[in-house]
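Listed here are the chains, written in short residue letters.
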Amino acid sequence: MANAMWGGRYQEGPAAIMEEINASIDFDKRLAAQDIRGSRAHVAMLAKQGIVSEADAKAITEGLAKIEAEIEAGTFTFSRALEDIHLNIESNLAKKIGPAAGRLHTARSRNDQVAVDFRLWVRDNLDAIDAGLKALQQALTEKALAHAGTVMPGFTHLQSAQPTTFGHHLLAYVEMLGRDRGRFADARKRMNECPLGAAALCGTSFPIDRHMTAAALGFDRPTANSLDSVSDRDFALEALSAMAISAMHLSRLAEELVIWTTPQFGFIALSDKFTTGSSIMPQKRNPDAAELVRAKIGRIIGALTGLLVVMKGLPLSYAKDMQEDKERTFDAFDAFALCVAATAGMVTDMVPDAKRMKKAAGVGYATATDLADWLVQTLNMPFRDAHHVTGRIVGLASARNIDLDKLSLTEMQGVEPRITEDVFRVLSVGNSVKSRTSYGGTAPANVKAQARRWLKVLNRG
């Protein structure tokens, strides 16, 4: 049986395999709310412009409301034979209100219809993402404020480098997420143009008011070029690009949570809420939530790559290839929202072992730079000379397998006679972090100030 929506051109129905490859209703039914929203705005504009009668517009609007209620209640029957969400709704509307339903598609194509639906869906979900990232920032900042003075090792190359604080470390992720939210906000601003009214590709001869429909749907303005309007998926690509960067940040944090929960590190503990046991080893507490966050990031990066590949060879304007834009985007948004929520839960749940962290902070001669700085500041030694002297003193401590502050003053004076008892003031990890008072540094006073600043920003937002 031919699809009635194609009019008289087609006399036969599609082959079974054609229906299978062509149908998108299994996934694009997620656009139902946006499709109905766009149709309401479109028919209201058609009525105002005198293109359809007020009576037909009223019938269409009431019919759309009934369909929306059925979809929300789960009683709407989706048909694969009708391919997509647009034809499913239009066909059902015709059953409800009769021939007037056919006027809804006046001055509109499925090309601009899907473009506006998808753009609305991405915009709606960016708003949800921003709320989730803000909640994660809040959790990190509150934990950072509580642990502004909790000393831990800072790493480069995953080797102990200098002492820092747990609060300072967590605030690094708050900064990353702040940039992420900025990228999402920029993407949202750029996508906030309405393609509805571009029709199939060249606009329409009907006297439509695209500014009216753009305003009704919360867009800043209509898109300026009808060809670009129906063929553009930059809005999805840019959202996925910003998401891939943010997901990478989540993965880095997840990796650290995995490392920190190992017995070898033991920096934090996660509760039963975000860990799982072993089927054979009863002692195990596996950080599965963090591992799954780390793994799911691949789906998001894959979605970005996949859509870039779909779009890279398409001549203007619309091509059916673009039906492949939605599944991967829906999946990426779902995965990302789940990862953000799980990470916020783990951050709130985790309990740091302050004693273990502080002990680890002194391993590997982490205060060697403090010693070099002391030589420069107190003895007016050029830094390169101070670096050399410090290296020799570290060598002494390493040969004896002791920490720097366990060397005697006499031993250090054997390397540099001008060293005084005052040097021991800078060799403890606690004093080391307190001394890092430069803007953005790890001093607990700095960390508290930055955490409080962020809490004000987040609460104000």
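Residues numbered from 1 in each chain as written. Predicted model: local features only at pLDDT ≥ 70, side-chain atom pairs only at ≥ 80, totals over all residues. Heavy atoms only, no water.

Relative orientation of the contacting elements helix α10 (residues 234-260) and helix α11 (residues 288-311) amounts to 160°, with a least axis distance of 8 Å. With respect to each other, α10 and α11 are oriented roughly antiparallel. Note that α10 runs across α11; the crossing there is left-handed. Here the contact of α10 with α11 is built from residues that sort into 21 nonpolar, 2 polar and 3 charged. (Axes fitted to C-alpha atoms, helices over the stretch in contact; angles between N-to-C directions. Helix = DSSP H or I, 4+ residues; strand = E, 2+ residues; numbered from the N terminus. Parallel < 35°, antiparallel > 145°, perpendicular 65-115°, else oblique. Left-handed = near helix turned anticlockwise from the far one by under 90°. Nonpolar A, V, L, I, M, F, W, Y, C, P; charged D, E, K, R; others polar.)

Ranked by internal contacts, the top residues of the largest apolar core, which has 92 residues, are V122, L140, M243, I300 and F336. Broken down by element, this core gets its largest block of residues, 16 residues, from α10. M243 has contacts with I129, F184, I300, A332, F333 and F336, leaving out every residue within four places of it along the chain. Judged by nonpolar contacts, the second largest core, of 23 residues, contains Y365, A372, W374 and L427. (Core = buried A, V, L, I, M, F, W, Y, C linked by side-chain atoms within 4.5 Å. Buried < 20%, exposed > 50% of the residue type's maximum accessible area, 1.4 Å probe, protein only. Contact = heavy atoms within 4.5 Å.)

Attention shifts here to the pairing of strand β1 (residues 151-156). Relative to strand β2 (residues 159-165), β1 runs antiparallel, the two being bridged by 6 bridges. Opposite V151, over in β2, you have T165 as the bridge partner. In this antiparallel pair of consecutive strands, β1 and β2, the connection spans 2 residues, and H157 shows a positive phi of 60°. (Pairing = 2+ DSSP bridges.)

We now examine a nonpolar patch on the surface. On the surface, a cluster of nonpolar side chains totalling about 350 Å² of accessible area is made up of I17, M18 and I21. You can see M18 is positioned in helix α1 (residues 16-22). Residue class for M18 comes out partly exposed when judged on its relative accessible area of 40%. (Patch = residues over 30% accessible without salt bridge, like charges linked within 9 Å, V, L, I, M, F, W, Y side chains within 5 Å. Areas by Shrake-Rupley, 256 points an atom, 1.4 Å probe, with all protein chains shown as cover. Salt bridge = Lys/Arg side-chain N within 4 Å of Asp/Glu carboxyl O.)

On to unusual backbone geometry. In the segment running from L316 into S317, the intervening peptide bond is cis, with an omega of 5°. Structurally, the position occupied by S317 is in the loop between α11 and α12 (326-349). Residues other than glycine seldom take positive phi values, yet N380 does so here, at roughly 55°. Positionally, N380 belongs in the loop between α14 (368-379) and α15 (383-400).

Looking now at the environment of D124. In this structure, D124 sits in helix α6 (residues 110-146). For the pair D124 and E83, spaced 41 residues apart in sequence, the C-alpha separation works out to 24 Å. Those residues within four positions of D124 in sequence are excluded, and the remaining contacts are Q34 and R37. Side chain to side chain, D124 and Q34 meet in a polar contact 3.0 Å long. (Polar contact = N/O pair within 3.5 Å; in protein donor to acceptor, adjacent residues only side chain to side chain.)

It is worth spelling out the pattern of salt bridges at this point. The final tally for this structure, using the stated rule, is 28 salt bridges. Residues K58 and E62 are paired through a salt bridge, measuring 2.5 Å at the closest nitrogen-oxygen approach. With a gap of 4 residues between them, K58 and E62 both fall in helix α4 (residues 54-73), about one helical turn apart. Given the relative accessible area of 41%, E62 is considered partly exposed. Through salt bridges that share partners, E83, D84 and R110 make up one connected network.

Everything listed is a geometric property; what it means functionally is a separate question.
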